[in-house]
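Now for the letters of each chain:
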Amino acid sequence: MSLWLLTILLALPVLITGSIFLSLKIKAKNLRFLLAFSAAYLFAISVTHLLPECYEGTNTKTVGLFILGGFFIQILLEYFSAGIEHGHIHAHTDSCKKHLPLGMIAGLYLHSLLEGLPIYQSSNELITDSMLSTQQSLIFGITLHNIPIAIAFVTLLLEHQSNKIKTFLLLIGFALMAPLGCFVSYALNSFGVNSYDGFLKLSFGVVIGIFLHISTAIMFETGENHKYNLAKIMSMIAGVFLAAFIS
């Protein structure tokens, strides 16, 4: 799959969705349902697709360490992003609203860039049906995950009194981060990484760790009195069924 096609598939849905919500508002409850749906999908493909592909023919201990690394990298990123990946979209104080949340923007951009690293498949190696299926599941999962994040991102920027032009430009930056991750992998493959296949497996490990953290944090987040909302449960079940259907 070409870099141009990957860029379109990853960036365009995010850009279109975010642009729509420059003028529309979404209820926090509805955003949580969308996040729960995408989180369940990510969790399901991580277990059924990404983990088996990542562990096949590699040092299992090394892969496990990179999965753990991805999990804790995401915890660190959320220190800066303030949990926008989970749909947290409210500025804490009026003084905060007067300034762009640069830490959040940087954390979110880096999060998306890391997710894009394992998508690019080298044309120099034999692409199996399993690898192609995994790549397609990963592309769809990242796009599905980034759509509600784009809504939360735009909402938060507008809440921070960012004008629509500046918000749109920052949205473009976010939409291009996952394709940029693909380009980084393409550049590493083109300019001489000793074992691109090894790099791909380890980057898969990092992304799996990120996915496991994000998906479980969203799915295990309960409402008042530590109870799950029935609609959220149904959203998660729908996400798992979609992953099973596409797989």
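Scroll up to find the structure this text is about.
Residues numbered from 1 in each chain as written. Predicted model: local features only at pLDDT ≥ 70, side-chain atom pairs only at ≥ 80, totals over all residues. Heavy atoms only, no water.

A.B. asks: I'd like a description of the environment of Ala 152, backed by residues and values.
C.D. replies: Summarising the element assignment, Ala 152 is placed in helix H5 (residues 129-159). You can call Ala 152 buried: its relative accessible area is 0%. For Ala 152 and His 86, which are 66 residues apart along the polypeptide, the C-alpha to C-alpha distance reads 8.9 Å. (Helix = DSSP H or I, 4+ residues; strand = E, 2+ residues; numbered from the N terminus. Buried < 20%, exposed > 50% of the residue type's maximum accessible area, 1.4 Å probe, protein only.)

A.B. asks: Please provide a residue-by-residue account of a nonpolar patch on the surface, values included.
C.D. replies: On the surface, a nonpolar cluster with roughly 450 Å² of combined accessible area is contributed by Ile 8, Leu 12, Ile 16, Ile 20 and Leu 24. Note that Leu 12 resides in helix H1 (residues 3-20). (Patch = residues over 30% accessible without salt bridge, like charges linked within 9 Å, V, L, I, M, F, W, Y side chains within 5 Å. Areas by Shrake-Rupley, 256 points an atom, 1.4 Å probe, with all protein chains shown as cover. Salt bridge = Lys/Arg side-chain N within 4 Å of Asp/Glu carboxyl O.)

A.B. asks: Give a detailed account of helix H2 (residues 28-55), specifying residues and quantitative values.
C.D. replies: The end-to-end C-alpha distance of H2, which contains 28 residues, comes to 38 Å, matching closely the 40 Å that a straight helix rising 1.5 Å per residue would cover. Maximum bend of H2: about 45 degrees, positioned at Ser 46. (Expected span 1.5 Å × (residues − 1). Bend = angle between axes of the 7 residues up to and from the residue.)

A.B. asks: Hey, could you go over the packing of H1 against helix H6 (residues 164-190) for me, with residue numbers and the actual values?
C.D. replies: Contact geometry for H1 and H6: axes closest at 9 Å, N-to-C directions at 160 degrees. Looking at the two axes, H1 sits roughly antiparallel to H6. The way H1 lies across H6 gives a crossing that is right-handed. Judged by residue contacts, Leu 3, Leu 6, Thr 7, Leu 10, Ala 11, Val 14, Leu 15, Gly 18 and Ser 19 of H1 engage Phe 168, Leu 171, Ile 172, Phe 174, Ala 175, Leu 176, Ala 178, Pro 179, Cys 182, Phe 183 and Tyr 186 from H6. (Axes fitted to C-alpha atoms, helices over the stretch in contact; angles between N-to-C directions. Parallel < 35°, antiparallel > 145°, perpendicular 65-115°, else oblique. Left-handed = near helix turned anticlockwise from the far one by under 90°. Contact = heavy atoms within 4.5 Å.)

A.B. asks: Tell me about the packing of aromatic side chains, and please be specific about residues and values.
C.D. replies: Tallied over the full model, the rule gives 7 aromatic pairs. For the pair Tyr 79 and Phe 80, a centre-to-centre distance of 5.2 Å together with 90 degrees between the ring planes defines the contact as edge-to-face. Classification of Tyr 79 as exposed rests on a relative accessible area of 66%. Considering the side-chain rings of Tyr 120 and Tyr 186, the 5.5 Å spacing of their centres and the 90 degrees angle between planes classify their relative orientation as edge-to-face. (Phe/Tyr/Trp six-rings, centres within 6.5 Å; stacked < 30°, edge-to-face > 60°.)

A.B. asks: Got a sec to walk through the side chain of Ser 112? Specific residues and values, please.
C.D. replies: Relative to the helices and strands, Ser 112 resides in helix H4 (residues 102-116). Residue Ser 112 is classed as buried on the basis of its relative accessible area, which comes to 0%. Those residues in contact with Ser 112 that sit more than four places away from it in its chain are Asn 146, Phe 174, Met 177 and Ala 178.

A.B. asks: Tell me what's going on with the nonpolar core, and back it up with residues and numbers.
C.D. replies: Counting 37 residues, the largest nonpolar core has Ile 84, Ile 105, Tyr 109, Phe 153 and Phe 174 as its most contacted members. Of all the elements in the fold, those that place two or more residues in this core are H1, H2, H4, H5, H6 and helix H7 (196-219). Looking at which element gives the most residues to this core, the answer is H5, with 8 residues. Those residues within four positions of Ile 84 in sequence are excluded, and the remaining contacts are Met 104, Leu 108, Ile 149, Ala 152, Phe 153 and Leu 156. Leu 10, Ala 44, Ile 45 and Val 63 belong to the second largest nonpolar core, which has 26 residues in total. (Core = buried A, V, L, I, M, F, W, Y, C linked by side-chain atoms within 4.5 Å.)

Any functional reading would require information beyond the geometric quantities listed.
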